[in-house]
Amino acid sequence: MARDAEDIKYRGRRRWTGNHGRVWFDGALIFEIVKFEAKVTADREDVIIGESKDSKITSLSGEGTITVKPVWNRSCKRFLEEWNAGHDPRTMVVATLEDPDMIDAQRESIVIDNVWIKEIGLMQFEKGKVVEKEFPFGFTPQDAKFTESVAQ
């Protein structure tokens, strides 16, 4: 049985892996990155039309998480000091996903400005395990822009 051209062009090796993903926080490359996620959620309000429940977008929320296996205490001290002084520091996050096997060597990049940290873990460890830290963050969706995007 013959294979479709798409089956051959998009074989398993063409699937992205996060191995070559990079994240810059405050302009500095986070080389200890384990996981990155950023998403936008449509906040909705119910609208009743006849007997049906529909919805209307009322706002957008941006949130994400950066997970690292830290080598040093990157920004925890800075954010704690800023918060304790009554400040709400903001930063920029840039993330790029590329993979040598992607079709035509394409990559995706996003710039997210007006990023605020939601929570900082001051210390956490478990015997026999490499320490991981999560940094949940929020952002205004209008300040997120794709600078590169994978096309078909």
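Keep in mind that what you see is a predicted model, and the values were worked out from it rather than measured.

A. Structural context of the packing of aromatic side chains. For the structure shown, the criterion picks out four aromatic pairs. Ring plane angle 20° and centroid distance 6.1 Å describe the contact between F36 and F137, whose orientation is recorded as stacked. Here F36 is found in strand β3 (residues 33–49), whereas its partner F137 is found in strand β7 (residues 133–139), with 101 residues between them in sequence. Geometrically, the ring pair formed by F137 and F139 is tilted, given 6.1 Å between the ring centres and 35° between the ring planes. Neither residue differs from the other here; F137 and F139 are each classed as buried. Counting every residue linked through ring pairs, the aromatic cluster contains F25, F79 and W83. When the ring centre of F79 is taken as reference, the NZ or CZ atom of R78 above it lies at 4.6 Å.

B. A look at the environment of M102. Structurally, the position occupied by M102 is in the loop between β5 (91–98) and β6 (107–117). As a C-alpha pair, M102 and D113 span eleven residues in sequence and 27 Å in three-dimensional space.

C. Local environment of the nonpolar core. Counting residues in hydrophobic clusters, the biggest one holds 17 residues, and the most contacted among them are F25 and I66. Of all elements in the fold, only β1 (22–25), β4 (52–68), α2 (76–84), β5, β6 and β7 reach the threshold of two or more residues within this core. With four residues, β6 is the largest single contributor of residues to this core. Those residues within four positions of I66 in sequence are excluded, and the remaining contacts are V23, F25, I30, I33, K35, F36, V93, K133, E134, F135 and F137.

D. Local environment of the side chain of S109. With respect to the element layout, S109 can be found in strand β6. Among the residues examined, S109 registers a relative accessible area of 4% and is labelled buried. One polar contact links S109 to E148, side chain to side chain, over a distance of 3.0 Å. In contact with S109, not counting residues within four places along its chain, are A95, T96, K145, F146, T147 and E148.

About the thresholds
Residues numbered from 1 in each chain as written. Predicted model: local features only at pLDDT ≥ 70, side-chain atom pairs only at ≥ 80, totals over all residues. Heavy atoms only, no water. Phe/Tyr/Trp six-rings, centres within 6.5 Å; stacked < 30°, edge-to-face > 60°. Helix = DSSP H or I, 4+ residues; strand = E, 2+ residues; numbered from the N terminus. Buried < 20%, exposed > 50% of the residue type's maximum accessible area, 1.4 Å probe, protein only. Lys NZ or Arg CZ within 6 Å of the ring centre and 35° of its normal. Core = buried A, V, L, I, M, F, W, Y, C linked by side-chain atoms within 4.5 Å. Contact = heavy atoms within 4.5 Å. Polar contact = N/O pair within 3.5 Å; in protein donor to acceptor, adjacent residues only side chain to side chain.

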